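Okay, here's what each chain looks like letter by letter:
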Amino acid sequence: MKEEDVIEKAEKYVNSFGYIQWENLKEINYNNESSTWIVKFSAKQRTSEENYIYKLHLNNISGNISDLQMIE
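Residues numbered from 1 in each chain as written. Predicted model: local features only at pLDDT ≥ 70, side-chain atom pairs only at ≥ 80, totals over all residues. Heavy atoms only, no water.

Asker: Sorry, what's going on with the pattern of salt bridges here?
Answerer: As a working rule, side chains carrying opposite charge can pair if their charged atoms are close by. One pass over the structure, following the stated rule, counts two salt bridges. Across the pair Lys 12 and Glu 8 runs a salt bridge, and its minimum N-O distance is 3.3 Å. Of this pair, Lys 12 and Glu 8 both sit in helix α1 (residues 3–15), separated by four residues, roughly a single helical turn. Glu 8 sits in the partly exposed class, given a relative accessible area of 44%. Here Lys 44 ties to Glu 49 by a salt bridge, and the two come within 3.4 Å at their closest N and O atoms. Of the residues examined, Lys 44 reaches a relative accessible area of 25% and is grouped as partly exposed. (Salt bridge = Lys/Arg side-chain N within 4 Å of Asp/Glu carboxyl O. Helix = DSSP H or I, 4+ residues; strand = E, 2+ residues; numbered from the N terminus. Buried < 20%, exposed > 50% of the residue type's maximum accessible area, 1.4 Å probe, protein only.)

Okay, here's the thing in structure tokens:
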């Protein structure tokens, strides 16, 4: 999966929740051992308009997204 595809899929996933809105990409890394993309991004809380940093993992083989976490 290309980096651009990973970002697009992650953004759609995040925006589907309704309580946060993707703002911008902070960092993207690929872990060869687990075939997983690690995406860090900022997102705006829809209720408070505050921005926070989140991360998620996207499996390069299956395309599954997991471990969405607020890290700041």
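Now that the structure is up, let's keep going.
Asker: Just to check I follow, could you spell out the nonpolar core for this structure?
Answerer: When a protein is soluble and globular, its nonpolar side chains tend to lie buried together. The biggest cluster of nonpolar side chains holds 15 residues, and the ones touching the most others in it are Val 6, Val 14, Trp 22, Ile 28, Val 39, Phe 41 and Leu 56. When contributions to this core are tallied by element, the ones reaching two or more residues are α1, β1 (20–31), β2 (36–45) and β3 (51–59). Those residues in contact with Val 6, other than ones at most four positions away along the chain, are Met 1, Ile 28, Trp 37, Val 39 and Leu 58. (Core = buried A, V, L, I, M, F, W, Y, C linked by side-chain atoms within 4.5 Å. Contact = heavy atoms within 4.5 Å.)

It is worth stressing that arrangement in space is one thing and function is another; only the former is reported here.
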